[in-house]
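Listed below are the residues making up each chain.
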Amino acid sequence: MKQQTEPPADEVRIRLPRGLARELFTLGRDPLPKVSRPRWLAWLPHVVLGYVAIPCGVLTGMQLNDHYGVRGPALVVLSLLTSVSVVLSMFRPMAAWWLGLVTAGLVAWAIHDHVGQGQSWPWTPAGPFTLAPVLLMVALRVPPRVTASVIGITLTLNGLADIVLRPPQSQTIIGGVALLFAFVGILGYALRATRLARGKLVEQETLTEEERARRTLLEERSRIARELHDVVAHHMSVISIQAQVAPHLVENPSEELKENLAGIRENALEALTELRRVLGVLRSEHPDDPANPHHPQPTLGELDGLVDNVRGAGLDVTTEIAGIRRPLTPGVELTAYRIVQEALSNALRHAPGSRVEVGIAYGPRDLHLCVANSAPTRSAPPSPGAGHGLLGMRERAGMLGGELAAGPRPDGGYEVSAVLPMDPQDLPAVPAPETKKAS
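Let me begin by describing the structure that accompanies this report. Nothing here was measured: the structure is a model prediction, and the numbers come from that model. (Residues numbered from 1 in each chain as written. Predicted model: local features only at pLDDT ≥ 70, side-chain atom pairs only at ≥ 80, totals over all residues. Heavy atoms only, no water.)

1. Quick look at the pattern of salt bridges
(1) Moving on: Following the criterion strictly, the structure yields 2 salt bridges and no others.
(2) Moving on: Residue Asp308 pairs with Arg311 through a salt bridge whose shortest N-O separation is 3.4 Å. Residue Asp308 and its partner Arg311 are located together in helix 9 (residues 303-312), separated by 3 residues, close to a single helical turn.
(3) Moving on: One salt bridge connects Glu415 with Arg409, and the closest N-O pair in it is separated by 3.8 Å.
(4) Moving on: Owing to a relative accessible area of 29%, Glu415 belongs among the partly exposed residues under this scheme. (Salt bridge = Lys/Arg side-chain N within 4 Å of Asp/Glu carboxyl O. Helix = DSSP H or I, 4+ residues; strand = E, 2+ residues; numbered from the N terminus. Buried < 20%, exposed > 50% of the residue type's maximum accessible area, 1.4 Å probe, protein only.)

2. Focus: the packing of helix 10 (residues 330-350) against helix 11 (residues 389-399)
(1) Moving on: Following both chains from N to C, one finds helix 10 and helix 11 inclined at 165°, their axes separated by 10 Å at the closest point. In terms of orientation, helix 10 lies roughly antiparallel with respect to helix 11. Taken as a pair, helix 10 and helix 11 cross one another with a handedness that is left-handed. Between helix 10 and helix 11, the contacting residues are Thr335, Arg338, Ile339, Glu342, Ala343 and Asn346 on the first element and Gly389, Met393, Arg396, Ala397 and Met399 on the second.
(2) Moving on: In terms of residue class, the contact of helix 10 with helix 11 is built from 5 nonpolar, 3 polar and 3 charged. (Axes fitted to C-alpha atoms, helices over the stretch in contact; angles between N-to-C directions. Parallel < 35°, antiparallel > 145°, perpendicular 65-115°, else oblique. Left-handed = near helix turned anticlockwise from the far one by under 90°. Contact = heavy atoms within 4.5 Å. Nonpolar A, V, L, I, M, F, W, Y, C, P; charged D, E, K, R; others polar.)

3. Quick notes on the side chain of Ser79
(1) Moving on: Counting through the fold element by element, Ser79 comes out in helix 3 (residues 73-88).
(2) Moving on: In terms of polar contacts, Ser79 uses its side chain to reach the backbone carbonyl oxygen of Gly57, at 3.5 Å.
(3) Moving on: Apart from the residues within four sequence positions on either side, Ser79 is in contact with Gly57, Thr60 and Gly61. (Polar contact = N/O pair within 3.5 Å; in protein donor to acceptor, adjacent residues only side chain to side chain.)

In structure tokens form, the structure reads like this:
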């Protein structure tokens with residue numbers, strides 16, 4: 001591997017000023033960032049700068065006329081250029097600064113022969129204040145080193161004019177100008193840093209929320225896998241036992257039949273062993289999870305106990321079952337129970353004092369669930385970390401090929417409804433959640 005050699009020091013010294021010069025002479029469009037919230041403030045900075053531009057031009061014209069005796073077309077042109085530089089700073093800050101700098105030079109040249117005893121030069125008394133808004137707009141949108149260079153160039157030209165061209169009877173105000181421009185530069189830098197930090201914070205919060213949702217989805221899928229293990233393990237055990245017992249139920253079974261049944265039993269035992277091995281990894285990551293071999297998986301037959309617990313917590317819950325109640329496949333029973341459980345938990349957490357209706361309808365091919373609550377009678381306490389229950393319910397329903405819908409009701413309440421197939425078969429594999437590559 002070739003080692004990268006650092007460029008000579010002379011080359012580095014040349015490259016940095018070129019980059020800075022390119023930024024100083026960038027006259028491209030750079031509009032003010034809009035205020036996103038509230039929306040009616042989006043154009044407030046533009047309106048304020050538009051109003052500031054008018055008195056800047058008027059004040060420049062009045063001082064040129066009253067204090068220095070400048071009249072004629074030059075007075076109008078310099079006043080307009082002052083206002084235009086302020087307006088231009090909203091869209092092209094560097095171009096506005098160059099225009100303001102040229103305007104300040106033209107003003108100094110126009111008043112040079114009209115300076116009286118004790119009057120300021122090269123600035124008029126209002127001159128620094130008319131350039132200050134332009135410098136503020138520059139500092140808001142360019143890096144700090146460019147802002148420092150802009151202020152440094154302005155003060156350097158001011159100092160050179162004072163040394164070389166200042167009329168003998170005039171008064172210098174470079175100290176006050178330096179303080180004003182330094183304050184404007186620091187203010188603009190602080191506002192820019194605050195805006196950038198707020199933008200990064202919003203971006204980080206968005207990424208954190210996406211990562212939290214993705215982690216919740218993975219945890220819910222892991223929990224589903226652990227819960228369904230007992231269901232699958234039960235069926236695999238039954239297959240193994242039936243394959244072992246089958247030869248004894250037939251008189252004089254052939255050797256081919258015995259070999260096939262032995263193969264079925266062997267494959268079932270191997271599958272069961274692999275399933276338990278994978279589940280052991282999942283449970284080692286969540287040792288305190290209630291879904292373990294010592295806890296039987298709940299079914300809709302335990303719905304009454306669940307409702308009683310919620311009633312004891314202060315909710316008025318009513319249940320209604322339609323159709324012929326019959327046993328379902330274990331996966332459907334478990335998924336239906338968990339959906340009702342999560343919906344009741346959400347109502348208890350977010351709608352205290354409400355009335356909750358739980359409806360279960362057994363159809364010919366589908367199981368219909370509906371949990372609806374009325375508007376809460378009192379404000380809900382904050383619940384940190386909540387908000388991903390719907391994600392888990394949708395994951396469970398989608399695993400069986402069912403559908404789940406949730407949303408607010410017209411009366412201010414909330415409703416969760418699901419449709420689960422009675423006998424889910426030939427379902428496509430659930431895709432893993434997409435992961436975003438770090439940029």
